[in-house]
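Chain by chain, the residues run as shown.
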Amino acid sequence: MKHQQALDKLAARFVIKSIDEDITRLMIKGMSFLKNKSITNLNSYVIPLLLNRWNCVLLANNELKKNYKKTVTIALALLLHKYGLSDTEITKKAIKSIDILNENVALSDDFFRKSEDIKSLLSSIPKPLTKKPNRIESITFYRAKDIISIQYKEKYYCAYILEITGVNESPVLEFYDIIFDKKPQLKDLKNIRKARGKKLNDGKRYISRHAIYGMKNLPDLANQIHLMGASIHIENAPNNSHLEKPSGTYTVSNLFSLQKTIHSLFD
């Protein structure tokens, strides 16, 4: 059985495309790092970054349907395998998820009939890629003046979208100076206007804005990014008057570099 044949039987085209695009971005950068010996292993580079995002589904509470979690688990395992990667725990959970979906009669008879073939594929040793995947087009469905929350591990960080680069390419974010322990609502930002700046070696904090490529779907299928409010007035944007002016307008980033950005911004 081919990977695409197995993926087609999941009947989750948009989820599969979203995960595929995430892995593609990580593989392109990871294979460059591997070539110049910045990393020694693609598995240990790609999978933790990928799971920091998709664990927002896998570890979510009851707000998500259980069958959705199972479908995402199987799609992750199949797509990692397709790109020559593997994770024992994800594979084990995916094989178990196949059985649960069949017990729940959640998918087609064809999925049921081919289940053992899909398990065999997942249990086989993946073939490493010999060349980088093709770059994917950047597009976003978010809009200027949206306010969003971003989950990173167990915390939530809020940001204002100042503009969209190019023709619907990527949103430019500026973060509010606050951290939430649970997913915030717009009312939770009522009295929060201070922007979070980046601390540099001179000890001063500077205005920090980031163009995030790969921030595409609304709603986010990885359950990581949540729209809190749309077309919010510009006066609700983070106030950065207390911060130093940087040398550039914004930093070009992506969904996975954003993890490092949040970590460094919020110390």
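All of these numbers come straight from a predicted model, not from anything done at the bench.

Engineer: For the packing of helix α5 (residues 88–103) against helix α7 (residues 115–123), give the residues involved together with the corresponding values.
Structural biologist: Two numbers describe how α5 lies on α7: the axes approach to 10 Å, and their chain directions differ by 175 degrees. Relative to α7, the element α5 lies roughly antiparallel. Contact residues: α5 offers Thr-91, Ala-94, Ile-95, Ile-98, Asp-99 and Asn-102, while α7 offers Ser-115, Ile-118, Lys-119, Leu-122 and Ser-123. The residue makeup of the contact of α5 with α7, split by class, is 5 nonpolar, 4 polar and 2 charged.

Engineer: Please give an account of the pattern of salt bridges that cites residues and values.
Structural biologist: If you walk through the whole model with that rule in mind, you get 13 salt bridges. Among the ionic pairs, Asp-20 bridges to Lys-82, the shortest N-O distance being 3.1 Å. Remark: Lys-82 occurs in helix α4 (residues 66–82) and Asp-20 occurs in helix α2 (residues 13–35); sequence separation between them is 62 residues. On the basis of relative accessible area, Asp-20 is assigned to the buried category, the value being 17%. Arg-196 serves as the salt-bridge partner of Asp-177, at 2.9 Å between the closest nitrogen and oxygen. Taken as a pair, Asp-177 in strand β3 (residues 170–180) and Arg-196 in the loop between β3 and β4 (198–199) lie far apart in primary sequence, 19 residues in all. Under the relative-accessibility criterion, Asp-177 is labelled partly exposed at 26%. With a relative accessible area of 14%, Arg-196 lands in the buried category. Here the residues in one salt-bridge network are Lys-9, Asp-110, Arg-113 and Lys-114, joined through shared partners.

Conventions used here
- Residues numbered from 1 in each chain as written.
- Predicted model: local features only at pLDDT ≥ 70, side-chain atom pairs only at ≥ 80, totals over all residues.
- Heavy atoms only, no water.
- Axes fitted to C-alpha atoms, helices over the stretch in contact; angles between N-to-C directions.
- Helix = DSSP H or I, 4+ residues; strand = E, 2+ residues; numbered from the N terminus.
- Parallel < 35°, antiparallel > 145°, perpendicular 65-115°, else oblique.
- Contact = heavy atoms within 4.5 Å.
- Nonpolar A, V, L, I, M, F, W, Y, C, P; charged D, E, K, R; others polar.
- Salt bridge = Lys/Arg side-chain N within 4 Å of Asp/Glu carboxyl O.
- Buried < 20%, exposed > 50% of the residue type's maximum accessible area, 1.4 Å probe, protein only.

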